[in-house]
Amino acid sequence: MIGKIIKQISNDYTVKVNDKIYICKARGKFRNQGVNPLVGDNVVIDTQNNYILEILKRKNELERPSVANIDQVLIVTSVKIPNFSSNLLDKLITIIEFNNVKPVICFTKLDLLNNVELNNIKNIMDYYKKIGYEVYANTDSNLKDIFKDKVTVFAGQSGSGKSSLLNRLDSSLNLEIGEVSTALGRGKHTTRHTELLEVLGGLIADTPGFSSIDLKNMNISDIRDSFIEFDKYKDDCEYRDCMHKDELKCGIKENVKNSNILKSRYENYLKFIEKGDL
Ligand SMILES: Nc1nc2c(ncn2[C@@H]2O[C@H](COP(=O)(O)OP(=O)(O)OP(=O)(O)O)[C@@H](O)[C@H]2O)c(=O)[nH]1
Ligand SMILES: [Mg+2]
Ligand SMILES: [Zn+2]
C-alpha cells in the first residue's frame, strides 16, 4: 500500500494511508544505501509487519527542516523577541529558491513594535512584495487561503511563533508553544519533531526552529541567482557573469545606490558569497 509519512520520532514513522495510520520502521536497506525516509515522503509499506519498503521519487526536499515533497515554505519571521534578522530571512529565501520551492513570508509580533519600528518593518515588507514574494502578517485573515491542497512547511527561528500561528489557523490543534527566554531573545525549541498536520484543506509541517542555518551545497552563482530582483537590472552589468561585487560597471550596484534594491539584501548577498555563511 502507498501512504505518506506525516511524522517521525526517532525510528518510528507515522504513515497515513487514506484515513488509516500505521507506525512503521524503515527497512535496513535504506540505512545501507544512505537514504533516510523523510516526513512528506510517499512510501510503499508492508501493513502486515509495519515496514517501509520503498520511497517513491521525491519532487524536492529540504534539509533543515527536513521534509520532502513541499509546495511552499512559510518563512515565519519574528520582528521582536527574537529581533528581526534580515540575514536569516534572506538566507532562508536563498536556500528555498535554490531547492525550487516557493517561499512565502509571514511576519509575526508586529504588535510589539512602536510606530517608528512598525513603519520601518512595513517598508521592508513592501520591498519583498515589490520583488514578487507573497508577504503576510500572522494576523492577516487572508493568510488562511494559501494552504488548501498544498504541503506547506513552516520554517523560522525558535520562538518566532510557528506553533502559535498554527494554533491561530486551527484552534483545535492545541500545539505547545514556548516562552521566549528574555536573556537570549530566542526560544527554547518548544517543538521537538517535525509533523505534517491536516489544516485548512492542506498539510502543514510545524517544525522545530533553529538559530542559524548554512548555505552549504550552494556555489556563489547559485547564491547570486537566488536573489530574484537582480535579474531585472543585470543587463546593465558590463559582464554577463558579473558577480556584482568588484566589477566597475554593474547594474546591481547602481540600483543599490539609488535604493531600487534594498541595501540589506545586497549586503547579505555579499556576506553569503564571501563566506557562504555568517
Ligand atoms: N506578542 C506576540 N507574541 C507572539 C506572537 N506570536 C507568537 N508569540 C509568542 O512567542 C512565543 C514563542 O511562540 P512559539 O509559537 O512557541 O514559537 P515557535 O516558532 O513554534 O518556536 P519553536 O517551537 O521553539 O521553534 C510564545 O510565547 C508566543 O505566545 C505575536 O504575534 N505577538
Ligand atoms: Mg513550535
Ligand atoms: Zn553586476
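Model, not experiment: these values are computed from the prediction.

Looking at the overall build of the protein
No. 1: Scanning the protein from terminus to terminus reveals 7 helices and 13 strands.
No. 2: Taken over the C-alpha trace, the protein has a radius of gyration of 20 Å; the compact-globule value for 278 residues is 19 Å, and the two agree within 12%.
No. 3: Taking the principal axes of its C-alpha atoms as reference, the protein extends roughly 65 × 45 × 35 Å.

Quick word on the packing of helix α2 (residues 86-98) against helix α7 (residues 263-275)
No. 1: At their nearest, the axes of α2 and α7 sit 10 Å apart, and the two run at 65° to each other. Compared by their axis directions, α2 and α7 come out roughly perpendicular. As for the relative orientation of α2 and α7, their crossing is right-handed in sense. Contacts between α2 and α7 involve Ser86, Asn87, Asp90, Lys91 and Thr94 from the former and Ser264, Arg265, Asn268 and Phe272 from the latter.
No. 2: A breakdown of the residues in the contact of α2 with α7 according to their chemical character gives 1 nonpolar, 5 polar and 3 charged.

Side note on unusual backbone geometry
A negative phi holds for most residues other than glycine; trans holds for most peptide bonds.
No. 1: Looking along the chain, the bond that leaves Arg64 and enters Pro65 is cis, with omega of 0°.
No. 2: Looking at where Pro65 falls in the secondary structure, it is placed in the loop between β6 (61-63) and β7 (66-68).
No. 3: Cis peptide bonds are those with omega within 30 degrees of zero, and the linkage from Ile81 to Pro82 qualifies with -5°.
No. 4: The backbone of Asn18 sits at a positive phi, close to 50°, despite the residue not being glycine.
No. 5: Looking at where Asn18 falls in the secondary structure, it is placed in the loop between β2 (12-17) and β3 (20-26).

Re the pairing of strand β10 (residues 134-137)
Side chains on a regular strand alternate between the two faces of the sheet.
No. 1: Here strand β9 (residues 102-108) pairs with β10 via 4 bridges, running parallel. Looking across to β10, one finds that Val104 is bridged to Glu134.
No. 2: Handedness of the β9-helix α3 (residues 115-130)-β10 crossover: right-handed.

Topic: the domain arrangement of the protein
No. 1: The domain architecture assigned to the protein consists of domain 1 (2-55), domain 2 (61-206) and domain 3 (220-275).
No. 2: Placing a centre on the C-alpha atoms of domain 1 and another on those of domain 3 gives a separation of 43 Å.

A short note on the site of ligand 1
No. 1: Looking at ligand 1, there are 23 residues lining it, with Gly161, Ser163, Ser164, Thr191 and Gly209 nearest.
No. 2: The biggest single contributor to the shell around ligand 1 is helix α4 (residues 162-169), with 3 residues.
No. 3: Across the shell around ligand 1, the residue classes tally to 4 nonpolar, 15 polar and 4 charged.

Structural notes on the pairing of β3
No. 1: As judged from the 5 bridges shared by β2 and β3, these two strands associate in the antiparallel manner. Looking across to β3, one finds that Val15 is bridged to Tyr22.

Quick look at α3
No. 1: Its 16 residues place the ends of α3 22 Å apart at the C-alpha level, agreeing with the 22 Å of an ideal helix rising 1.5 Å per residue.
No. 2: One or two steps after α3, the chain reaches Gly132, where phi turns positive at roughly 120°.

Overview of the environment of Leu215
No. 1: Tracing the chain through its elements places Leu215 in the loop between β13 (202-206) and α5 (220-225).
No. 2: For the pair Leu215 and Phe98, spaced 117 residues apart in sequence, the C-alpha separation works out to 9.9 Å.

The rules behind each value
Residues numbered from 1 in each chain as written. Chains lettered and ligands numbered in written order. Predicted model: local features only at pLDDT ≥ 70, side-chain atom pairs only at ≥ 80, totals over all residues. Helix = DSSP H or I, 4+ residues; strand = E, 2+ residues; numbered from the N terminus. Rg over C-alpha atoms; globule rule 2.2 N^0.38 Å. Axes fitted to C-alpha atoms, helices over the stretch in contact; angles between N-to-C directions. Parallel < 35°, antiparallel > 145°, perpendicular 65-115°, else oblique. Left-handed = near helix turned anticlockwise from the far one by under 90°. Contact = placed C-beta atoms within 7 Å. Nonpolar A, V, L, I, M, F, W, Y, C, P; charged D, E, K, R; others polar. Pairing = 2+ DSSP bridges. Right-handed = clockwise from strand over helix to strand, strands pointing away. Domains from an automatic or database assignment. Near = placed C-beta within 6 Å. Expected span 1.5 Å × (residues − 1).

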